[in-house]
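# Structural overview for review
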Amino acid sequence: MSRTDYLRFAVIGILAVIALSITHSYWGNPYSRVVMKTVSSFIPSQASITYEDSMFLVTVAPSDIESQRQNILVAAKNNPGDARLASMTKGSDEGVSYTQGFTTKEMSYWLVASVALLLAVPVGSYRKRLAYLLMVVTVGFVGNVVGLYLVINGQSSFVDDPGSVASWNRLVQLVSFGMLLIPSLVWAPFLIGIWRSEFELA
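It should be emphasised that the depicted structure is a prediction, and the values quoted were computed from it without experimental measurement. Every chain begins its residue count from 1, and numbering advances along the sequence as written. Reporting in this predicted model follows two pLDDT cut-offs: at least 70 for local features of residues, and 80 or more for side-chain atom pairs to be given and counted; totals over whole chains, interfaces and linings ignore these cut-offs and use all residues. Hydrogens are left out, water is left out, and the side-chain values use all remaining heavy atoms of the structure.

### Concerning the overall build of the protein
Here is the rule we go by: A helix here means a DSSP run of H or I that spans at least four residues, while a strand means a run of E at least two residues long, and both kinds are numbered starting from the N terminus. Partly exposed describes any residue whose relative accessible area lies between the buried limit of under 20% and the exposed limit of over 50%, with all areas from a 1.4 Å probe on protein chains only and scaled to the type maximum. The criterion used for residue contact is that any of the two residues' heavy atoms lie within 4.5 Å. Areas reported here follow the Shrake-Rupley algorithm with a probe of radius 1.4 Å; residue values treat only the protein chains shown as occluding.
Within the protein, the secondary structure is distributed over seven helices and three strands. The order of helices and strands in the protein, counted from the N terminus, is α-α-β-β-α-α-β-α-α-α. Taking all 202 residues of the protein together, the buried fraction comes to 37%. Considering only residue pairs separated by 6 or more positions, the protein has 75% of its internal contacts joining residues 24 or more positions apart. In the structure as shown, the protein presents an accessible area of about 11,300 Å², 64% of it carried by carbon and sulfur atoms.

### Looking at helix α5 (residues 104-120)
Put simply, the rule is: To estimate how far a helix should extend, the number of its residues minus one is multiplied by 1.5 Å. Note that the bend at a residue is defined as the angle between axes fitted to the seven residues ending at it and the seven residues starting at it.
In a regular helix each residue adds 1.5 Å, so 17 residues correspond to 24 Å; α5 covers 24 Å between its end C-alpha atoms and thus fits that length. Taken as a whole, α5 carries its principal kink of about 25° at Trp110.

### Focus: a nonpolar patch on the surface
Counted only if it meets this: Two joining distances apply to patches: 9 Å for like charges and 5 Å for nonpolar side chains (Val, Leu, Ile, Met, Phe, Trp, Tyr), and every residue must have over 30% relative accessible area and no salt bridge. Just to be clear on terms, a salt bridge is a Lys or Arg side-chain nitrogen sitting within 4 Å of an Asp or Glu carboxyl oxygen.
On the surface, Leu7, Val11, Ile14, Leu15, Ile18 and Ile22 cluster together into a nonpolar patch covering about 610 Å² of accessible area. Relative to the helices and strands, Leu7 resides in helix α1 (residues 3-22).

### A look at the sheet that holds strand β2 (residues 55-60)
For the record, the criterion: A strand pair is defined by DSSP finding two or more bridges across the two strands. For helices, the fitted axis covers only the stretch in contact; all axes are lines through C-alpha atoms, and the angles between them, taken along N-to-C directions, range from 0 to 180 degrees.
The three strands are arranged β1-β2-β3 in an open sheet whose pairing can be described as antiparallel. With partners counted over all chains shown, the strands left at the sheet margins are β1 (47-52) and β3 (98-103), one partner each. Neighbour to neighbour, the strand axes of the sheet diverge by 20° on average, direction disregarded. With six bridges joining them, β1 and β2 adopt antiparallel strand pairing. Pairing of Glu52 across the sheet is with Met55, part of β2. On top of the sheet, helix α2 (residues 24-40) reaches β1 and β2; it is set at about 165° to β1, its chief contact. Relative to β3, α5 is tilted by about 40°, and along the sheet it contacts β1, β2 and β3.

### Some words on the nonpolar core
What counts here: The criterion is simple. A nonpolar core is a set of buried Ala, Val, Leu, Ile, Met, Phe, Trp, Tyr and Cys residues joined through side-chain atoms within 4.5 Å.
Residues Val35, Val39, Ile49, Leu148 and Ile152 are the most contacted members of the largest nonpolar core, which totals 20 residues. Within the residue set of this core, elements represented by two or more residues are α2, β1, β2, α5 and α6 (126-160). Examining the composition of this core, we find that six residues originate from one element, α6, more than from any other. The next biggest cluster of nonpolar side chains, apart from the first, holds six residues, and it includes Ala76, Leu85, Met88 and Val96.

### Structural notes on unusual backbone geometry
Generally, phi is negative for residues other than glycine and the peptide bonds are trans, each holding for most cases. Of note in this structure, Asp53 is not a glycine but carries a positive phi near 50°. Among the secondary structure elements, Asp53 is positioned in the loop between β1 and β2. Of the residues examined, Asp53 reaches a relative accessible area of 68% and is grouped as exposed. Positive phi outside glycine occurs at Ser54, with the angle close to 60°.

### Considering the side chain of Gln100
Stated formally: Any N or O atom pair separated by 3.5 Å or less is treated as a polar contact, with the protein-specific requirement of one donor-capable and one acceptor-capable atom, and with residues adjacent in sequence counted only for side-chain atom pairs.
With respect to the helices and strands, Gln100 occurs in strand β3. Polar contacts involving the side chain of Gln100 include one to the side chain of Gln155, which spans 2.6 Å. If we ignore the near neighbours within four places in the chain, the residues touching Gln100 are Phe56, Leu57, Val58, Val151, Gln155, Leu171 and Val175.

Don't take any of this as a statement about function, it's just geometry.
Written out as structure tokens, the structure is:
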């Protein structure tokens, strides 16, 4: 690639990122709601997802209230100075639920990167770009669904044993990988493969 090609790549990529970020509410929110509805059909019965003001709120109740209460009492006994655990011991008969929120930008950030790259890198005709975009979005969508599903399952494990440091650490890791890394791991190699095949044909 010549210096002009690199300059074109940088200019188009930056402009595409800015334009997609500004218009995110028009395309990002609907996309994220589709992901939410897809995942809602096969998450655990004690979990629920609601949408409010560009935010996902994932709420999970304990699968076994008595077992959760025993886990909390044991954890509170082993950590007498933990105010959070102490407050949980006074939970209601319905157990202690846990809610965490995600913005739609966290769900669809990878679309900004993938579309900007497809527009910036020369990969043939516009028709071919559109075909590649549809393939990348489809594969990335699967990554989003799998990632959110893993996060909700990790949240379920944490709710059943909220006093466990291990279950909390696992949830934090799942949020990092499930919401941020998994979609990229799915679409990035696919996109790189497209570029390599295009350059070999050039």
